[in-house]
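# Architecture at a glance
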Amino acid sequence: MTAMLNVKDLRAYYGQVQALHGLSFALNEGSLTTLLGANGAGKTTTLRAICNMVRSTGAIEFEGKPLSGRSTENVVRLGIAHVPQGRGTFTTMTVEENLQLGAITRNDKAGVVSDIERMYQHFPVLKERHTQQAGTLSGGEQQMLAVARALMLRPRLMLLDEPSFGLAPLIVRDLFKILGKINREDKVTILVVEQNAQLALELADQAYVIETGRIVMSGNAKDIANNEDVRKSYLGY
Amino acid sequence: MSAVEDVVNEAPAVEAVPKRAMTLGYGTSLVVLALLILVPLGVKNFIIFQLTMLLIYGLAVLALNILTGGSGQFSLGQSAFYAVGAYTSAILMEHANMNYALTLPIAGIICFGFGFLFGQPALRLSGVYLALATFALATAMPQLLKLGFFEHWTGGVQGLVVTKPDAPFGLPMSQDMWLYYFTLAITIGIYIASVNLLRSRSGRAFMAIRDNEIAASAMGVDVALYKTLAFGVSAGITGVAGGLGAIAVQFVAPDGYTITLAISLFLGMVVGGVGWLPGSIIGSAFIIFVPNIAEGISKGLSGAVFGVLLFLVIFLVPHGARQVAIVAQQLIGKLKKN
Amino acid sequence: MELFTNQVLAGIATGAIYACMALAVVMIYQAIDHLNFAQGEMAMFSTFLSWQMMQWGIPYWGAFVLTLALSFVGGILIERLLFKPLAKAPVLTNVAGFIALFAIVNSVAGLIWDFTIKQYPTPFGSSPFLGSQLISTHQAGMIGVTVLLLILLFIFFQYTRMGLAMRAAASLPESARLVGINTSWMIALGWGMASAIGAIAGMLIAPVVFLEPNMMGGVLIYGFAAAVLGGLTSPLGAVIGGFLVGVFENLAGTYIPGVGNELKLPIALALIITVLVVKPAGLFGRPIVKRV
């Protein structure tokens, strides 16, 4: 299987500070991969570098197309949806407007309308609140909204940055179930960055562990989850 | 100026300047000081007068730097404080026959109080709202000065003539030269005091407020006190500058203190580098000399030429003269290594 | 009592000027999160362009439409050439840029058309409106056009894709990019639209204040004040703010002793600021919740 996303020797910088030191990994089409690591390890930076939101060098290829030099919005238009840390909800706009924004680059009006309906089926709570200002939603609901918004793009690759952040465990379980469903049924390749390693490893097929800007472990999610040494040294449980 | 929405990731409206970077190194300071002392000895009186104005506007820009670069409060109203200082000196000299030197601390204190008072209602405003409020203050001032009610003191529309002092103790120098060194001494004093203020606990409080007001108050900084203090200090220094200006120019009149002055001071701060105290004199030089240069280039289009020159400056050095200084510092560092 | 109602009505009439300008101010604020100090000058320049076209024989409405188009394009050009390079510069540097633009436009207009006052025609005529001595047909026309603009803007922002994209880009640029919006072009578009709206404001105002390079100075300040009073995110607030400012100004001039023409501006501003101290987000603005 050819890799859908190919990252080679990625180095990323915040001003003079180097955050990533030559990261290389690949994502296969249809896979659900998780990127794990402690705070400050470089997980968020990796996602941001893929979308060219941070200065970086190295080669990133998506479906054979190089991503360097493209603006963030052009990377997105290639079919990559990014749910950022903190969700990036348009808090002053309604739930429905947020979903419409997810599809703003699409020209098929009918398709957008039917997709919005599908989102309401995936996430019934959004339908309840669809005319409410997005900022009034709870954390869990905003996370659902962020995922739904990303799906409105009909992406082939979805990047999620710590979707469990600040959410109660039960809600995180629900969310991860939905992500699994999306991966299997809608055939969306997913890369999830997480601090909550246990849940993420239950959900994913593949896993990478990153530490201070370098990948220190990669492989099958189940193997990593079962490897006690790895769990203790890198994942804290 | 974006006061309406505050996103966690957004940079503060006024860029943070690290404490260390707010002043010059010792070597450069000595060089600049030597220049300031020696240059006037060899030039004509009119140039000395211009140099005096350079120092005076430098003080006013410095005051604005403390307010905006230091405590993050935006002000388009400094011309009002300048005017109050100027008129205080003029009135005390001409109506109360007070010695010119004594009028300055009084002007400073009165303006400090005025600024402190203005800071109170301003506490609830920030960004664009504060800009409007200070703008209102600046536009009101010339009108207030023209009011018939005050005319006996202020001289109304025509203003007051101010007598220029002679050099004391019969020193053999012209009035202009004496006034220059007098101003220089005051400027150096205020500059050193300002640097110390910004390095002190109060200065840190200012900068904490500038960078993140909520966090500062959560850490126990009395935000209200320090914000009004910053306004007061800034107004006080501007008042002293105004007093000196009145003496140097030899008269005060309402139309000399319009919003144009406030805008010029603002531009001076930006060109010098916001929050970089030494840049104040560079900003002052810009606002004194560049309009003249523009007029020299084209009388009919002097405004346009000024605008173009201003654009050139902000394109080349968006962070003002401080950027030039940082680059120079890095170059010198590299040369030293080699 | 009759004096009061008369002054209120007169205030509403003059307020239409400020309402129109305030719309342009809110427009640019929606796009770039800043207030553009040079907007008044740009509006003045556009008005002069239309005047020049009429001098060359082009009829009023032809000149009007042509000026709108030119202003739209001009606004985009100015943004792309002068302000896009400053996009990463600090806010205060951008403000200095606005001031520089102000100086340039004002000076060039003065050179081309000099500072003598010129008459500017109105398509609405200037007879008393419905027989009232206080509102002329032109002022009624101004109010009408302003309200029409408001409705058009409302429809644009609430019901079109482009409007939604612009709102998103102004509100959270990074998130907007993450849904594929070219935020840079949204800014350019915002400038173009604000420039066009400003041109309309100028062409409506000129018959009242007469055409000369310094005609927009006071108007712009009142426009800002009105926009801020109404809440910078609300076009409706801007229009209502404009009318309120007109009324404030008139009442202040009538009822506060010693307030001649010169003090009207600071008094009006002081009143507005008092409102802001009580309602910091403006009358119709969304209350800002600061995330810590």
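## Notes on the nonpolar core
- Residues Leu132(B), Ala22(C), Leu23(C), Val25(C), Ala225(C) and Val228(C) are the most contacted members of the largest nonpolar core, which totals 284 residues.
- Element by element, the count of residues in this core is highest for helix α1 (residues 2-32) of chain C, at 19 residues.
- For this core, the two domains that each supply at least three residues are domain 1 (23-114 + 131-213) and domain 2 (216-285) of chain C.
- With residues near it in sequence (within four places) discarded, Ala225(C) still touches Leu132(B), Val245(C), Ala268(C), Leu269(C) and Ile272(C).

## Concerning the interface of chain B and chain C
- Residue-level contacts link 40 residues of chain B with 45 residues of chain C.
- Where the side of chain B that touches chain C is concerned, the elements lending two or more residues are α5 (127-146), α11 (259-272) and α13 (302-316) of chain B.
- The dominant element in the side of chain B that touches chain C, judged by the number of residues it contributes, is α13(B), at 10 residues.
- Residue composition of the side of chain B that touches chain C, by class: 28 nonpolar, eight polar and four charged.

## Here's the deal with the packing of helix α3 (residues 78-95) of chain B against α5(B)
Residue and element names in this part refer to chain B.
- For the pair α3 and α5, the least separation of the axes is 8 Å and the interaxial angle reads 30°. Regarding the angle of α3 to α5, the classification is roughly parallel. Facing α3, whose interface residues are Ser79, Ala80, Ala83 and Tyr87, α5 presents Leu137, Ala138, Met141 and Leu145.
- Residues belonging to the contact of α3 with α5 are distributed by class as follows: seven nonpolar, one polar and no charged.

## Brief notes about the interface of chain C and chain A
- Contact with chain C, which involves 16 residues of that partner, is made by 17 residues of chain A.
- Looking at the side of chain C that touches chain A, the elements that each hand over two or more residues are α6 (161-171) and α7 (173-178) of chain C.
- The leading source of residues in the side of chain C that touches chain A is α6(C), at six residues.

## Focus on the domain arrangement of chain C
Residue and element names in this part refer to chain C.
- Its domain assignment divides chain C into domain 1 (23-114 + 131-213) and domain 2 (216-285).
- When each unit is reduced to the centre of its C-alpha atoms, the spacing between domain 1 and domain 2 is 20 Å.
- Of the residues lining the interface, 16 residues belong to domain 1; the matching set on domain 2 comes to 12 residues.
- Of all the secondary structure elements, the ones that give two or more residues to the side of domain 1 that touches domain 2 are α1, α2 (39-55), α5 (137-159) and α8 (183-209).
- Ranked by residues supplied to the side of domain 1 that touches domain 2, first place goes to α2 with five residues.
- Taken together, the residues that form the side of domain 1 that touches domain 2 break down as 11 nonpolar, four polar and one charged.

Definitions and limits used
- Residues numbered from 1 in each chain as written.
- Chains lettered and ligands numbered in written order.
- Predicted model: local features only at pLDDT ≥ 70, side-chain atom pairs only at ≥ 80, totals over all residues.
- Core = buried A, V, L, I, M, F, W, Y, C linked by C-beta atoms within 7 Å.
- Buried ≥ 20, exposed ≤ 12 C-beta atoms within 10 Å, placed from the backbone.
- Helix = DSSP H or I, 4+ residues; strand = E, 2+ residues; numbered from the N terminus.
- Domains from an automatic or database assignment.
- Contact = placed C-beta atoms within 7 Å.
- Nonpolar A, V, L, I, M, F, W, Y, C, P; charged D, E, K, R; others polar.
- Axes fitted to C-alpha atoms, helices over the stretch in contact; angles between N-to-C directions.
- Parallel < 35°, antiparallel > 145°, perpendicular 65-115°, else oblique.

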